[in-house]
Amino acid sequence: MANSRRNAGWIAAIMFSAVAAILAGLTAVLVGSHNLSLDRAIKGLAPDRDILIQLRLPRALLALWAGGALSLAGVLFQALMRNPLATPDTLGVSSGAALGAVVAIALGWSSGSAISGVSIAACAGAAIVLVLVVVIASNRGSISSVGLLLSGVTINIMCGATIVFIASMVGFLKSFAVAHWLMGGLDAPEYSTLAWLTAVLIPVCLVVFWHGREWNLLAVGDTWATTRGLSTSRLLLIGCVAGSLLTGAVTALTGPIAFVGLIVPHALRMWLGADHRILAPCAFLLGAAFLALCDVFSRTILAPVEVPVGVITALLGGPFFIWMLKSKRGGVTL
Amino acid sequence: MIPLFQLVNAGVRYGDAEILRSVSLAFSAGEFVAIAGPNGAGKSTLLSLLAGLKAPSSGVCRLGERDAHAWNRRDFARRVAVVEATDVTSFPFTASEVVYMGRMPHQKGMYETPEDDEAVAHALQRTGMMPFRDREFRTLSSGEKQRVLLASALAQSPEVLLLDEPAAHLDLRHQVELHQLLRELSQGGLLVVAITHDLNLAAAYASRLILMHKGRIRADGPAAEVLRTSLIEEVFEVHVAMHHTPSGQPWMLYGE
């Protein structure tokens, strides 16, 4: 059969995506309001060395992880809901994570340890919303696009209102912290925080990659997967836990960054097709590259003023979403 | 012969509605069973009992020694394949990717084995879908989709093939070819159970015809015995003129 040809194509796609992620990461490290000299930085000369170690590198790593995780969460939610419009943002999962994080910030849990109360609260918020969405939108095992998007809209509004309510209660200083966080930015994290993020995300990503073939069947239908020997409730559970962790762990550190999980998976499907065994790893790598480049853009477009990266992705993603709704190739039926 | 499937007084009810009433049946390897009956007769419910997707509210439905719905799904899927109308439209899977999904219960690891390739190629050939294998599934016509779904079930290498109106959307030639294929499969040792609305084709190809009405089995046997004018008129509430083809098959005209 055509499998050897396909496998060669898959290897090429993975290589391309990995190279893209590495190049984007390098660009994010080198380009900014101060043009960094890698040579000077490696020789340990100030200020290049400090800018590299303290600011650019941790920030670039966070951008790569966040972009990869959000994009992978998009692929995962799309398979679980059988809908190319399902993403952490459209489902309201990001809002749930944001609400969890804001509650934690308001309670003053933010400071200190790397695996913070904020992260845990964000993951919990994401998980609660995901369960809500599945319950609200599913009707006897089938999930309609309209139900999905409307429940997402409703949850987004409710979480947003609750966040504003909390922000109004907590006084000026905390309220400012909340507002700043909500804009969705990539402030350079501590290395210990990055280490924790890595420790959480690597096993989650591997679990998602490993189940690629199962996601294919689940993306077709519940009965389809069941009659081909899969336990759909088990897969749904794995998917929801993985999706909550991907969304929550990242959102706790960056604030909500919209539409990464929509743009990258959709563009990839047009290129590579729908098989999750190739789609998931490539979505992760190219999502990482995408957000790193968005971050470069956000830091340079109005330099030295920084535009929050969430603003850039939202401005790119909004029109893309509308195009998907209108285009035939988007394959979206409401 | 020991039956593959056995139903004993199987009933299904939703609240007050009795969909299936005390159905007792046995199915053996090598049979081609057509299930017919008016809408709401309980045909699809019977099929989902056999597929292990539903548990009977009363009585039993067994595959081998075990209740159908109590089987480990993977073991069950190696023996029983189901063809039902499915919309695989949300994502750009190709026809051959859809067929490969039938190999899931035989999976060893993340990638397909040469054994899988062989089963898929065979299934594509038998359904005549080889030329369509690289086409995107959602761009196919309804009839082509139907045949890909059948190929996917065949790729499962099952002992039992359950089909819900497999001839819907098929043109005349493909209706005939489908029935020929199902007959060949049953002669090769498969148990084939298909819901159908075409009594004439069922009579021509199936080895056994089951007529359902209001959740009960009204008649069960060779088509020539089941297709009696009075029975068909009563169950379907239409006028029937019974004829015979030159080879002696019953051939009915419905309507005025």
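Residues numbered from 1 in each chain as written. Chains lettered and ligands numbered in written order. Predicted model: local features only at pLDDT ≥ 70, side-chain atom pairs only at ≥ 80, totals over all residues.

Chemist: Give a detailed account of the overall build of chain A, specifying residues and quantitative values.
Modeler: Helix and strand content of chain A: 14 helices and two strands. A globule of 334 residues ought to have a C-alpha radius of gyration of about 20 Å, and chain A, at 20 Å, matches this closely. Taking the principal axes of its C-alpha atoms as reference, chain A extends roughly 65 × 55 × 35 Å. Here chain A holds 334 residues, and the buried ones make up 50% of them. A separation of at least 24 residues holds for 77% of the contacts in chain A among residues at least 6 apart in sequence. (Helix = DSSP H or I, 4+ residues; strand = E, 2+ residues; numbered from the N terminus. Rg over C-alpha atoms; globule rule 2.2 N^0.38 Å. Buried ≥ 20, exposed ≤ 12 C-beta atoms within 10 Å, placed from the backbone. Contact = placed C-beta atoms within 7 Å.)

Chemist: Lay out the sheet that holds strand β4 (residues 58–63) of chain B in plain terms, naming residues and giving numbers.
Modeler: Residues and elements named next belong to chain B. Spatial ordering of the open sheet is given by β2-β1-β4-β5, a layout of four strands whose pairing is antiparallel. Each edge of the open sheet carries a strand with a single partner, namely β2 (17–27) and β5 (66–67). Relative to β2, strand β1 (residues 5–14) runs antiparallel, the two sharing seven bridges. Its bridge partner lying in β2, Tyr14 is registered against Ala17. (Pairing = 2+ DSSP bridges.)

Chemist: Any chance you could break down the interface of chain B and chain A for me, citing the residues and the numbers?
Modeler: Taken together, the contacts link 26 residues of chain B with 28 residues of chain A. When residues of the side of chain B that touches chain A are traced back to their parent elements, those giving at least two are α2 (73–79) and α4 (114–126) of chain B.

Chemist: Go over the packing of helix α4 (residues 93–106) of chain A against helix α5 (residues 117–137) of chain A, please, and point to the residues and values.
Modeler: Residues and elements named next belong to chain A. One way to put it is that α4 packs onto α5 with a least axis distance of 7 Å and a crossing angle of 145 degrees. Along this stretch, α4 crosses α5, giving a crossing that reads as right-handed. Two secondary-structure elements touch here, α4 through Val93, Ser95, Gly96, Ala97, Leu99, Gly100, Ala101, Val103, Ala104 and Ile105 and α5 through Gly117, Val118, Ala121, Ala122, Ala124, Gly125, Ala126, Ile128, Val129 and Leu130. Residues of the contact of α4 with α5, tallied by class, amount to 15 nonpolar, five polar and no charged. (Axes fitted to C-alpha atoms, helices over the stretch in contact; angles between N-to-C directions. Left-handed = near helix turned anticlockwise from the far one by under 90°. Nonpolar A, V, L, I, M, F, W, Y, C, P; charged D, E, K, R; others polar.)

Chemist: Break down the environment of Ile53 of chain A for me, with residues and values.
Modeler: Tracing the backbone through its elements, the reader meets Ile53 of chain A in helix α3 (residues 48–81). Considering only alpha carbons, one finds Ile53 of chain A and Ala41 of chain A, 12 residues apart in sequence, at a separation of 8.6 Å.

Chemist: So what about helix α5 (residues 142–155) of chain B? Which residues, and what values?
Modeler: Since the α-helix packs 3.6 residues into each turn, any two residues three or four apart lie on the same face. Residue and element names in this part refer to chain B. Along its 14 residues, α5 runs 20 Å from first to last C-alpha, staying within 8% of the 20 Å computed at 1.5 Å per residue. Most of α5 is tucked away: 12 of the 14 residues are buried. Glu144, Lys145, Gln146, Arg147, Val148, Leu149, Leu150, Ala151, Ser152, Ala153, Leu154 and Ala155 are the residues of α5 that are buried. In the segment just after α5, Ser157 is the residue with positive phi, at about 50 degrees. (Expected span 1.5 Å × (residues − 1).)

Chemist: Outline the pairing of strand β6 (residues 80–83) of chain B, supporting the account with residue identities and numerical values.
Modeler: All names here are of chain B. Side chains of β6 alternate between two faces, with Val80 and Val82 and Ala81 and Val83 buried alike. In this sheet, strand β7 (residues 160–164) lies alongside β6 in parallel orientation, the contact comprising four bridges. Pairing of Val83 across the sheet is with Leu163, part of β7.

Just distances and angles here, no functional claims.
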